[in-house]
There are 2 protein chains.
Amino acid sequence: MALPLANTRVAPAARDAAIAELKALLGDRLSTATAVCEQHGRDESYHAPSPPDAVAFAQTTDEVSAIVKICARHKLPVIPYAAGTSLEGHVAALSGGVTIDLMQMNKVLEVNAEDLDCRVEPGVTRKQLNEYLRDTGLFFPIDPGANASIGGMAATRASGTNAVRYGTMRENVLALTVVMADGRVIRTSKRARKSSAGYDLTRLFVGSEGTLGVITEITLRLYGIPAATSSAMCSFPTVKDAVDTVIQTIQSGIPIARIELADDVQMDAINKYSKLNQPVAPTLWLEFHGTEASVAEQAEMVQALAAEHGGANFSWTTNPEERKKLWQARHDAAYANKALRPGAQVWATDVCVPISRLAECIVETQKDIQKSFLPAPIVGHVGDGNFHLTLVLKPEDPKEVAEAERLNDRLVKRALAMDGTCTGEHGVGYGKLDFLIAEHGEAISVMRAIKQALDPDNIFNPGKIVRV
Amino acid sequence: MALPLANTRVAPAARDAAIAELKALLGDRLSTATAVCEQHGRDESYHAPSPPDAVAFAQTTDEVSAIVKICARHKLPVIPYAAGTSLEGHVAALSGGVTIDLMQMNKVLEVNAEDLDCRVEPGVTRKQLNEYLRDTGLFFPIDPGANASIGGMAATRASGTNAVRYGTMRENVLALTVVMADGRVIRTSKRARKSSAGYDLTRLFVGSEGTLGVITEITLRLYGIPAATSSAMCSFPTVKDAVDTVIQTIQSGIPIARIELADDVQMDAINKYSKLNQPVAPTLWLEFHGTEASVAEQAEMVQALAAEHGGANFSWTTNPEERKKLWQARHDAAYANKALRPGAQVWATDVCVPISRLAECIVETQKDIQKSFLPAPIVGHVGDGNFHLTLVLKPEDPKEVAEAERLNDRLVKRALAMDGTCTGEHGVGYGKLDFLIAEHGEAISVMRAIKQALDPDNIFNPGKIVRV
């Protein structure tokens, strides 16, 4: 997507004064090198990047506070940055300013095994955290695919394949330390599991994408690694059969840990890329967590439900090697899609609808795709009603970009009409500003009022979530 | 607790003009009768009541909007009211104004069985909702004890005995319709299970206690009624043994549905009131939801863990009659406490701490109680680290009230020092304003900024949560 117009930038003199002060504060950890700035203005999406004027590599909360105070005095934009794996242009410095790179704040600060929680710095990645936890018998379940940072995952309200059982970042962040627009440092909550003590600031900052404050510490919920895990795979005559199996599984109270869907186009792409011979048909991957007895029982119950809906070749296993192989096909989806057109990029849409409307939403979308010249497989976190249509396009071709925009536009409007959302887990960035207005109507004015109250000079990640 | 001083009231002329307009709008559904006003300024707590100037019985969202617009024009306070079961003076009209009684808005608007959700008006009570759902195979799990309204439960972020498995109102409200301070009506979210579409307004209004808007519709998550339920009861040598059993149960990933603790003082009170002969010792009640096989397995696993910690007389059953009898003792706790001193009232404290500190917090609190002249049994939602010390006192005796305040003050400070919260599930009202400041520090200023941004004239439930 092209950059939004009319970015106001601060006067060069103010910018240079702020950068000089930051240089005095940080020394070598303040960079204005073109390559560094360009790298920090770009995420993993097709959205046009926009470099900041400088990048500050912060190491402590106090340092972030000092950086924000300097920028606030000069009204220079501040953009938080960590792994850079966002998908809606979240880190593009639309009005220039200073990007705070938080990847040097990568310590696990404490693990409270009895309380099933931990406190980490924002630059800790999810893989790093789970490696750190390996010997404790605990794990952190949220898996958005990329090796994202915990700070970025909190800021975008990320989720992924385990959300059907364990929730999203919304349910799994217990407390945050946040630097506010005047440099004040707050902690949003105590470490208690639940609380009715005032406004839920934790949830306000989760998903705020750096527009209300800079997250510098995150307290997370953890879970015991299940005693047993079983995985299964099954193909279906139609998308509706697959979705109906999922609906009945969830209604039955089966505590399914993961349930993923791919359509026939996606399965074909996976077969070609991974040299497999799976049926080219709507397919579910499933995972069950529990005791040996309960994961067997869960798998058998779902096998029976699947059979009622024409589910074929239902195979389940607790063998780690076989489970890995089974899930590998799902993990290969992203690579398989890129391989469909050498040199092309992927544009992942992200709607989420009530599950009763999911099959209809997917089928309507497939009809659009059948009439389009762009290939576009579908994978979905079907237990949540969330799916990704992956448009495979050459971003340098305006005709392809226009077609992708048209298809995405139709998809989002379809999802909104079904009481769904324009983004289940990727966030708004600057890519979905207009869809957010279509989705929320009057409620956008409440979001804008909150933004203006907490960041009156609009220094935090301007041009994202709401226009002010 | 005595009423806070310095309540500013609007001038009588403005108040009378607003009431005249409301009378023209609502006719008989606007009351200024003393008895009606007094009833609406009082909740179920020991806090001093404060009647509004008038009570408006609203029937639709549009009517609530019209009422708010009239009050806003005259800057007259607006206090939402439903079942009146709050416990921290939430409904006291500290500055007079108009209480909106929402109990006539008591319709279940839709149930989406496939999506496991429903949409209700705020005056629907939790028992009413579960009766309505009975034939659908679904249920709504949040149970705060009282037959509270769903609107009030959302407004106070209520929870109760099932929260360890199903979460609190924070996790179970999907979307809200809210009337804002200028009468605008917003919907906070679409009905999708998850979303990354902007600021989490749903969670901001959940727990806002009527200070940011009036909730007029609530979309809730529902759950399939489990195929089987088993319940168990077990007594322990010490509180620490009981809590350690709980910690290991949760760490093991056993998806326990309820796990409640009573101390020896509480068990003695229950024995006397219910004519039982349970051991006068720390006691756990447990409940497991799942299949026949899994609830048996869960109960046996916890029985083994309990045995390692001296748990005696562990008995479990899936028989509905026996389960009811087993839980009756727990449900009798509130009545048993009132019966300890005829004519006395109960003051339920509500701290919640990380579970690793729970045993220590309870034992320290018991030491305080042993030195006090007030009886005070303890029951707790031990899986969440939340417990209620029930002070049984004569509220007309200033010495007893002062002692209760002293004990509560020590308890809250103890919990905060353990990284806990002053209120796990009751909320702030006007009873915990100062504790909120102690708990949140600088973050209170962020709450205040949000309040001022969304309700600049402070008409919504003034004097609650934050002072402005």
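We now turn to the structure provided with this report. (Residues numbered from 1 in each chain as written. Chains lettered and ligands numbered in written order. Predicted model: local features only at pLDDT ≥ 70, side-chain atom pairs only at ≥ 80, totals over all residues.)

## Points about the overall build of chain A
Right, so step 1: Each helix and strand in chain A was counted, giving 17 helices and 18 strands.
Right, so step 2: Taking 468 residues into account, the globule formula puts the C-alpha radius of gyration at 23 Å, and chain A, at 22 Å, falls close to it.
Right, so step 3: With the C-alpha coordinates aligned to their principal axes, the bounding extent of chain A is approximately 70 × 55 × 40 Å.
Right, so step 4: Taking all 468 residues of chain A together, 59% fall into the buried category. (Helix = DSSP H or I, 4+ residues; strand = E, 2+ residues; numbered from the N terminus. Rg over C-alpha atoms; globule rule 2.2 N^0.38 Å. Buried ≥ 20, exposed ≤ 12 C-beta atoms within 10 Å, placed from the backbone.)

## Examining the relation of the copies chain A and chain B
Right, so step 1: Once chain A is rotated about the relating axis by 180 degrees and shifted along it by 0.0 Å, it coincides with chain B to within an RMSD of 0.0 Å. What the superposition gives is, in effect, a two-fold axis relating one chain to the other.
Right, so step 2: Mapped onto chain B, 100% of the interface residues of chain A again fall at the interface, so both copies present the same surface. (Least-squares fit on C-alpha atoms with pLDDT ≥ 70 in both. Contact = placed C-beta atoms within 7 Å.)

## Overview of the interface of chain A and chain B
Right, so step 1: Taken together, the contact pairs 78 residues of chain A with 78 residues of chain B.
Right, so step 2: Looking at the side of chain A that touches chain B, the elements that each hand over two or more residues are helix H7 (169–172), strand E9 (185–187), helix H8 (201–205), strand E11 (223–224), helix H9 (239–251), helix H11 (292–308), helix H16 (433–440) and helix H17 (443–454) of chain A.
Right, so step 3: By residue number, the principal contributor to the side of chain A that touches chain B is H17 of chain A, which donates eight residues.
Right, so step 4: Split by residue class, the side of chain A that touches chain B holds 32 nonpolar, 27 polar and 19 charged. (Nonpolar A, V, L, I, M, F, W, Y, C, P; charged D, E, K, R; others polar.)

## Some points on the environment of Val412 of chain B
All names here are of chain B.
Right, so step 1: One can find Val412 in helix H15 (residues 398–417).
Right, so step 2: Given 22 C-beta atoms within 10 Å, Val412 falls into the buried group.
Right, so step 3: C-alpha of Val412 to C-alpha of Ile150: the two residues are 262 residues apart in sequence and 28 Å apart in space.
Right, so step 4: Look past the residues within four positions of Val412 in its chain and what remains in contact with it is Val351, Cys422 and Phe435.

## Section: the sheet that holds strand E16 (residues 345–348) of chain B
Residue and element names in this part refer to chain B.
Right, so step 1: The strand order E15-E12-E14-E13-E17-E18-E16 describes an open sheet built from seven strands, whose pairing is antiparallel. The sheet terminates laterally at strand E15 (312–317) and E16, the two strands that pair on one side only. Across the sheet, the mean angle separating the axes of adjacent strands is 20 degrees when strand polarity is ignored.
Right, so step 2: In this fold H15 packs onto E16 and strand E18 (386–393), with an angle of close to 165 degrees to the strand it touches most, E18. (Pairing = 2+ DSSP bridges. Axes fitted to C-alpha atoms, helices over the stretch in contact; angles between N-to-C directions.)

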